[in-house]
Each structure stands twice: as structure tokens, then as C-alpha cells.
Amino acid sequence: PMISKAKQFLSTETEQKINQLCAWIEQNCANPISFEDLTRQSGFDVNELMTLFGVYKKTSPMGYVRFCREMEKRNTQGQAPDLFSAGPQKQQDNLL
């Protein structure tokens, strides 16, 4: 029973849910994000999120939030290409 539960846990559907949560994080990283927000958004509990982010993203959920914030900061400073094309497109003003 343990193996089948693990297989069910690490399914295509689970991976899609994690990818959807990552898209949500990317769109909302400018706002405060708590574990409560992540569990409410994904339907997974904190332990499941820690495990699933380790498996699919090779980081923790909050590590992913920090990564997105750093990318967002670089984007708004015009130092990096838009890595989050799935998110809302932002107008960038060139201050040159």
C-alpha cells in the first residue's frame, strides 16, 4: 500500500498542481506569501508541499518564492529577460 500511495502522490496530476502553484507564486510574488496561502492555493499540506517542491523543483516552497522575487526584482530593473511569460505581461519603462 505504501508504494501505490507514493505513486499516486507523484502523479502527472500532482505535478500539474505544483506547476499551477508555481505560476500563482510567480504572479503574486510581489505580495506577502505565507505557507497558509500556499496550502490554500494548492490543497496540499505543508509537509506535502515541502516534499513535492523537493521532488519537482529541487527547492523548498519558500525558496521558490525567494527565487521568483529575485527574478521579479531583476525584471523591473531591466537586467534579465522575462522568465515568467505565463504570468501577466508588464509594461517596462526604459529610463535611459
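Quick note: structure is the one above.
Residues numbered from 1 in each chain as written. Predicted model: local features only at pLDDT ≥ 70, side-chain atom pairs only at ≥ 80, totals over all residues. Heavy atoms only, no water.

To continue, consider helix α4 (residues 46–56). For α4, the full list of buried residues reads Leu 49, Leu 52 and Phe 53. Taken end-on, α4 shows its buried residues confined to a sector of 100°, consistent with a single buried face. The N-capping residue of α4, defined by a side-chain oxygen 3.0 Å from the backbone nitrogen of Asn 47, is Asp 45. Positioned one or two residues after α4, Lys 58 has a phi angle of 55°, which is positive. (Buried < 20%, exposed > 50% of the residue type's maximum accessible area, 1.4 Å probe, protein only. Helix = DSSP H or I, 4+ residues; strand = E, 2+ residues; numbered from the N terminus. Arc of directions from axis to C-beta. Polar contact = N/O pair within 3.5 Å; in protein donor to acceptor, adjacent residues only side chain to side chain.)

Turning to the nonpolar core, a few remarks are in order. The biggest cluster of nonpolar side chains holds 16 residues, and the ones touching the most others in it are Ile 18, Leu 21, Ile 25, Leu 38, Leu 49 and Phe 53. Mapped onto this core, the elements with two or more residues apiece are α2 (12–28), α4 and α5 (61–76). By residue number, the principal contributor to this core is α2, which donates five residues. Residues within four places of Phe 53 in sequence aside, it is in contact with Ile 18, Leu 21, Cys 22, Ile 25, Lys 58, Thr 59, Ser 60, Pro 61 and Tyr 64. (Core = buried A, V, L, I, M, F, W, Y, C linked by side-chain atoms within 4.5 Å. Contact = heavy atoms within 4.5 Å.)

What follows deals with the environment of Met 71. Mapped onto the fold, Met 71 is located in helix α5. With 42 residues separating them in the primary sequence, Met 71 and Cys 29 have C-alpha atoms 9.8 Å apart.

Bringing the packing of aromatic side chains into the picture now. Under the definition given, this model contains two aromatic pairs. A centroid spacing of 6.1 Å and a plane angle of 40° characterise the contact between Tyr 64 and Phe 67, whose relative ring orientation is tilted. Placement of the pair is Tyr 64 and Phe 67 together in helix α5, with a separation of three residues, close to one helical turn. Overall, Tyr 64 belongs to the buried group, its relative accessible area being 11%. An aromatic cluster of at least three residues, connected via ring pairs, comprises Phe 53, Tyr 64 and Phe 67. (Phe/Tyr/Trp six-rings, centres within 6.5 Å; stacked < 30°, edge-to-face > 60°.)

Just distances and angles here, no functional claims.
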